[in-house]
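One letter stands for each residue in the lines below.
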Amino acid sequence: MPLVILPVACLALVALAAALAVRPSRAAHRPDAGALAWLVPPVAALVALVALCAFGLYVGEAGELVACCLAALLAAAAALARPRSLALLDGVAGRMGLKPGAGRAVVAVLALLLCTALGFLAIELPYNPAALQIAPNFALIQGLIILGALTLGLFLFQRHGAGLALGVVVCALIGVAQFFVKSFKASAILPNDLFVLGTAAAVSGSYVYSVDGAVLLGLSCALLACAACTVVAPPSAADSRALVRRTLANLACALAAFAALWAGVTVPDYFGQLGVGMEYWYTLDYYERQGFVTTFVAVAQDLPVDEPEGYSDESARELEAAYAAAYDETLGATEARAAAAEQFAEEQPTVICVMNETFADLSTLEGASWGYAGPERYASVDDALMGGELAVSVIGGGTCNSEFEFLTGIPLAYVGDGKYPYSLYDLSDAPSVAEQLSALGYSTTAIHPNYATNWNRDRVYEMLGFDRFLTIDDFAGAEQFHSGVSDAETYDKVLELLEADDGPQFIFDVTMQNHSSYDQGNIGEVERYGVDGLSDYDNGRLSEYLACIEESDRALAEFMAELEQLDRPVVLVFFGDHQPALSSIVADALYPDEDPSSLEHSLRTHETTYFVWANYDVAGSAQVSEELPTSPAYLAALMAEAIGVPLSDYQKALLVAREEMPCLSLVGAQGADGTWHELEDADALGAAYDDLASISYLEFASKLE
């Protein structure tokens, strides 16, 4: 297709060049510097179209390409005709008895309204197949916000059309960005993504940036706005004093527009009254139904951590103390716990935690029906202290949030979805297993074979009490697999750390190799899997992902064999941070009768796996790989309890709450009987849910103020 439609864009460029060559003979109507500046957007667009076609990155139909070329030519023609058009408008205004300023003001208002509509479409068309079906109440909110922003731009640019055109171009860029996020991660852009643009850029190199016709339609809207805005300009000022007065008046209007816009986006009651909502485990669906801007602003209003109803620091401290006392009288009073505590005091085993990128057992998604049995070596581990399902809060991304829950023990259910604590908050006073073990004499090391600034880890790890952080700079020449440094190389680095230091260590290893995308074709021949209802392309991605898990499985088995040979006690905690985004596609195909936004459906794709294993006989433990479903926020406390680490009151409270609520994530909470409940179902959630909300707020959110 690109070879067929490439000439369309080339012909458009030729036509534009010809138009430039044939200039009007009258000097008054020749393109001035302003007109030539208006040529930049259409020329840039046409060059981009030629490049997309030439490199095979356009995968849409010819019709959208032709439409985009025509929009570019229209914008170019409007730019070239700008002097004549302005003169014509002034002449019409004069014949109607209007002053030139009044005539141009009318044109500016009409252009503002047109650009508002074009900006709306420029955002929605690239990613949203239901762009024209957005409900009127949501469309009204989005339209008013865009109108306010464009009004601000108009007056900031002194009533020149460039302010309007730039605003619509920004809208188009937002739409394109959302298109790629949807394509790569099947999710929506959230407000706090703006704080982690560096991380996004660091992991973006492996993606293929192809676009379809919908993206070109969004671009066409921006080009049409450029065409309309060429005739938006104030009349020349009579003198310098008039220019100063007009400049100040425009700035005052810009300030008023900003104040109105700010008030409109910071008063959440209006959004709620108009029905704006959000279920964070299915954000894309809400963006498509409510509009990008409407939903984005609603999510931004939800960023602060909500204080539990009736909360006070004093009552939360009393509650935590009561839970800690309950632990000491029950779970902490067993012979097994006493034996483990005594052994830990003597042995102080090294603790290694591996959070494996996108490691999950997709055989839970009806694997038998499509021939997948899961990671076999991993499943064969039968001497772990515990293991099983891990109910996580994220899918396809947000690695740092699983990391945050594990290291701090703070459930994201109480922080709120769409939030990345690593990027938004100062974690210096947050609970931390690294700081806990450091206080017991452990050296603490974090490992991630990528850039130190990803998810602000260079700052966060220091806040959480890590002594050092090994990054991509410490893996020069390391073996690469799929999307980065191999798991095996990180395990070799862990073994090097153990060899260099006989003392007790806490090592937290965040791996990289299994990171998306899964259409890279860079790991050779892979076993082919096929799920009915998936395209060949998606089955290919699934097969590549599972090949990555197979390699992780192999490397983990070799690592555990090395640890078994060590003449020192070592505990290994291994877990996956989240499932790949393509799991949602697989689940939709395998369970077509389920509502994709239902609790049951979401739980399928928000589950990974974990185990806690030791290379020595842990006192008080049978070490028979007891099945113990849990969540990342509980996992460090469970590990610490099992091997005898002295527990904080907060960890004791977590473990007591877990008796009533074994799993807790942003998707829901599981009761002691195994039944899952949505977090909004307050009547079904037990007392432990509310109690833990207050205790975790005390330990985390109350310290952020």
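Rules behind the numbers
Residues numbered from 1 in each chain as written. Predicted model: local features only at pLDDT ≥ 70, side-chain atom pairs only at ≥ 80, totals over all residues. Heavy atoms only, no water. Helix = DSSP H or I, 4+ residues; strand = E, 2+ residues; numbered from the N terminus. Rg over C-alpha atoms; globule rule 2.2 N^0.38 Å. Buried < 20%, exposed > 50% of the residue type's maximum accessible area, 1.4 Å probe, protein only. Core = buried A, V, L, I, M, F, W, Y, C linked by side-chain atoms within 4.5 Å. Contact = heavy atoms within 4.5 Å. Pairing = 2+ DSSP bridges. Salt bridge = Lys/Arg side-chain N within 4 Å of Asp/Glu carboxyl O. Patch = residues over 30% accessible without salt bridge, like charges linked within 9 Å, V, L, I, M, F, W, Y side chains within 5 Å. Areas by Shrake-Rupley, 256 points an atom, 1.4 Å probe, with all protein chains shown as cover. Lys, Arg positive; Asp, Glu negative; His and termini not counted. Charge placed at Lys NZ, Arg CZ, Asp CG, Glu CD. Axes fitted to C-alpha atoms, helices over the stretch in contact; angles between N-to-C directions. Parallel < 35°, antiparallel > 145°, perpendicular 65-115°, else oblique. Left-handed = near helix turned anticlockwise from the far one by under 90°. Nonpolar A, V, L, I, M, F, W, Y, C, P; charged D, E, K, R; others polar. Phe/Tyr/Trp six-rings, centres within 6.5 Å; stacked < 30°, edge-to-face > 60°. Lys NZ or Arg CZ within 6 Å of the ring centre and 35° of its normal.

Asks: It is not clear to me how the overall build of the protein chain should be interpreted in this structure. Could you clarify?
Replies: A tally of regular secondary structure across the protein chain gives 29 helices and 13 strands. Since a compact globule built from 705 residues should have a radius of gyration of about 27 Å, the 30 Å found for the protein chain is in line with a globular shape. Projected onto its principal axes, the C-alpha coordinates of the protein chain cover approximately 100 × 60 × 50 Å. Out of the 705 residues belonging to the protein chain, those deemed buried represent 55%.

Asks: It is not clear to me how the nonpolar core should be interpreted in this structure. Could you clarify?
Replies: Generally speaking, soluble globular proteins have nonpolar side chains that are buried together. In this structure, Leu407, Tyr422, Leu427, Phe506, Phe508 and Leu664 are the most contacted members of the largest nonpolar core, which totals 83 residues. When residues of this core are assigned to their parent elements, the largest contribution, 9 residues, is made by helix H27 (residues 632-643). Excluding residues within four positions of it along the chain, Leu407 makes contact with Tyr422, Pro431, Ser432, Val433, Tyr461, Leu464, Phe466, Phe506 and Phe508. Within the second largest apolar cluster, 73 residues are counted, among which are Ala79, Val168, Tyr287 and Phe292.

Asks: It is not clear to me how the sheet that holds strand S13 (residues 676-677) should be interpreted in this structure. Could you clarify?
Replies: By definition, the strands of a sheet pair up through backbone hydrogen bonds, in either a parallel or an antiparallel sense. Ordered in space as S11-S12-S13, the 3 strands form an open sheet in which the pairing is antiparallel. Edge positions in the open sheet fall to strand S11 (663-664) and S13, since each of these has one partner strand only. With 2 bridges joining them, strand S12 (residues 669-670) and S13 adopt antiparallel strand pairing. For Gln670, the partnering residue across the bridge sits in S13 and is Trp676.

Asks: Explanation requested: the pattern of salt bridges in the structure shown.
Replies: Any two side chains of opposite charge can pair, given that their charged atoms come close. Taken as a whole, this structure holds 14 salt bridges when the rule is applied. Between Arg604 and Glu600 there is a salt bridge whose closest N-O contact spans 3.2 Å. Here Arg604 and its partner Glu600 are both found in helix H26 (residues 599-605), 4 residues apart, which amounts to about one turn of the helix. Taking the relative accessible area as the measure of exposure, Glu600 reaches 49% and is therefore partly exposed. Among the charged side chains, a salt-bridge network with shared partners connects Arg377, Glu550 and Asp553.

Asks: So what exactly am I meant to see when it comes to a nonpolar patch on the surface here?
Replies: Taken together, Leu156, Phe157, Leu166, Val170, Val244, Leu248 and Leu251 make up a surface patch of nonpolar side chains, about 620 Å² in accessible area. Listed by contribution, the elements that provide at least two residues to the nonpolar patch are helix H8 (161-185) and helix H11 (240-266). Counting residues per element, the nonpolar patch draws most heavily on H11, at 3 residues. With respect to the helices and strands, the residue Leu248 is situated in helix H11.

Asks: Is there a simple way to explain a negative patch on the surface in this structure?
Replies: Together, Glu678, Glu680, Asp681 and Asp683 give the surface a local cluster of negative charge. Following the sequence through the fold, Glu680 ends up in the loop between S13 and helix H29 (687-699). By relative accessible area, which is 59% here, Glu680 ends up exposed.

Asks: Would you mind going over the packing of helix H7 (residues 136-156) against H8 with me for this structure?
Replies: Axes are the key here: two packed helices are described by the angle between their axes and the distance separating the axes. Interhelical geometry of H7 versus H8 gives an angle of 140° and a closest axis separation of 7 Å. Here H7 lies oblique to H8, going by the angle between them. As H7 runs across H8, the sense of the crossing is right-handed. Every residue of H8 that contacts H7 at Leu150, Gly153 and Leu154 is listed here: Gly163, Leu164, Gly167 and Val168. Of the residues belonging to the contact of H7 with H8, the class tally is 4 nonpolar, 3 polar and no charged.

Asks: Any chance you could explain the sheet that holds strand S8 (residues 570-576) here in plain terms?
Replies: If you trace the 8 strands from one edge of the open sheet to the other, you get S4-S3-S7-S1-S8-S9-S2-S10, paired in mixed fashion. The strands lining the two open edges of the sheet, one partner per strand, are strand S4 (468-470) and strand S10 (626-627). Bridge count for strand S3 (residues 443-447) against strand S7 (residues 505-510) is 5 bridges, and the pairing is parallel. For Ala446, the partnering residue across the bridge sits in S7 and is Phe508. Running over the sheet, helix H19 (residues 399-408) touches strand S1 (350-356), S7 and S8 and is turned about 160° from S7. Sheet strands touched by helix H24 (residues 536-564): S1, S8 and strand S9 (607-614). Its angle to S8, the strand with the most contacts, is close to 170°.

Asks: Just to check I follow, could you spell out the packing of aromatic side chains for this structure?
Replies: Applying the stated criterion to the full structure yields 30 aromatic pairs. Judged by centre distance (5.7 Å) and plane angle (80°), the ring pair of Tyr425 and Phe700 falls under edge-to-face. You can see Tyr425 sitting in the loop between helix H20 (421-424) and helix H21 (433-438) and its partner Phe700 sitting in the segment after H29, a full 275 residues away along the chain. For the pair Tyr425 and Phe700, one class covers both residues: buried. Following the ring pairs from residue to residue traces out a cluster consisting of Phe406, Tyr461, Phe466, Phe469, Phe506, Phe508 and Phe575. The aromatic ring of Phe475 is capped on one face by Lys493, whose charged end is 5.1 Å from the ring centroid.

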